[in-house]
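# Understanding the architecture of this molecule
Chain by chain, the residues:
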Amino acid sequence: MQRGSDRLNVHRDDEMKHELQGLLRSGHPTRSEEWNDPEPPADDDPELFRAGVAPGVGEQPSPEAVRLLLARSLTRHDFPAEPSELTRTLRRGHAPDALVERVSRLPHRTRYDSMLALAEAVTAGE
């Protein structure tokens, strides 16, 4: 039963799904002109698809980029923790293998109180 609280009708909803279908399937913008993208990237957004941002690939990643990758799999409730606990949580969260490997190589008895401390330790190790 429809209660009429939708701002769009069924036909417009279907049109919007069709417009976004390419974006949802490919995982990246499908428009040829950047100005035509629904939400262009901000100037200070980290480049996620460039080689070197993921730990273990290319150049040394920044602590901010590593913290962004960690935030996809960890929450503040996972801290404080040792690297072995964090490695298990990252694997459960399907984090990149290179990131999991770097966290697992950290000193075993060290406890990390925050994601920032962990990101700094991961980037300082190389």
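My aim in this report is to walk through the structure given alongside it, one point at a time. (Residues numbered from 1 in each chain as written. Predicted model: local features only at pLDDT ≥ 70, side-chain atom pairs only at ≥ 80, totals over all residues. Heavy atoms only, no water.)

### Let's talk about the overall build of the chain
For the chain, the count of helices and strands is 5 helices and 0 strands. Each helix (α) and strand (β) of the chain, taken in turn from the N terminus, gives the series α-α-α-α-α. A total of 126 residues make up the chain; the buried ones form 25% of that total. If you sum the accessible surface of the chain, you get close to 9,600 Å²; carbon and sulfur atoms cover 49% of it. (Helix = DSSP H or I, 4+ residues; strand = E, 2+ residues; numbered from the N terminus. Buried < 20%, exposed > 50% of the residue type's maximum accessible area, 1.4 Å probe, protein only. Areas by Shrake-Rupley, 256 points an atom, 1.4 Å probe, with all protein chains shown as cover.)

### Some points on the packing of helix α2 (residues 63-71) against helix α5 (residues 115-124)
The geometry of α2 relative to α5 is characterised by a closest axis approach of 9 Å and an angle of 125 degrees between their N-to-C directions. Put simply, α2 runs oblique to α5. Note that α2 runs across α5; the crossing there is right-handed. Listed contacts from α5 to Pro63, Val66, Arg67, Leu70 and Ala71 of α2 are Met115, Leu116, Leu118, Ala119, Val122 and Thr123. Partitioning the contact of α2 with α5 into residue classes produces 9 nonpolar, 1 polar and 1 charged. (Axes fitted to C-alpha atoms, helices over the stretch in contact; angles between N-to-C directions. Parallel < 35°, antiparallel > 145°, perpendicular 65-115°, else oblique. Left-handed = near helix turned anticlockwise from the far one by under 90°. Contact = heavy atoms within 4.5 Å. Nonpolar A, V, L, I, M, F, W, Y, C, P; charged D, E, K, R; others polar.)

### Focus: helix α3 (residues 83-92)
Within α3, burial applies to Pro83, Leu86, Thr87, Thr89 and Leu90. Relative to the axis of α3, the buried residues are bounded by an arc of 165 degrees and lie together on one face. Of the exposed residues in α3, the ones pointing more than 90 degrees away from its buried face are Arg91 and Arg92. (Arc of directions from axis to C-beta.)

### Brief notes about the pattern of salt bridges
In the structure shown here, the tally under the stated rule is 4 salt bridges. Note that Arg12 and Glu19 form a salt bridge whose closest N and O atoms lie 3.7 Å from each other. Taking relative accessible area as the criterion, Glu19 reaches 48% and is therefore assigned partly exposed. Across the pair Arg105 and Glu101 runs a salt bridge, and its minimum N-O distance is 4.0 Å. Judged by its relative accessible area of 45%, Glu101 falls in the partly exposed class. Residues joined by salt bridges that share partners form a network here, namely Arg12, Glu15 and Glu19. (Salt bridge = Lys/Arg side-chain N within 4 Å of Asp/Glu carboxyl O.)

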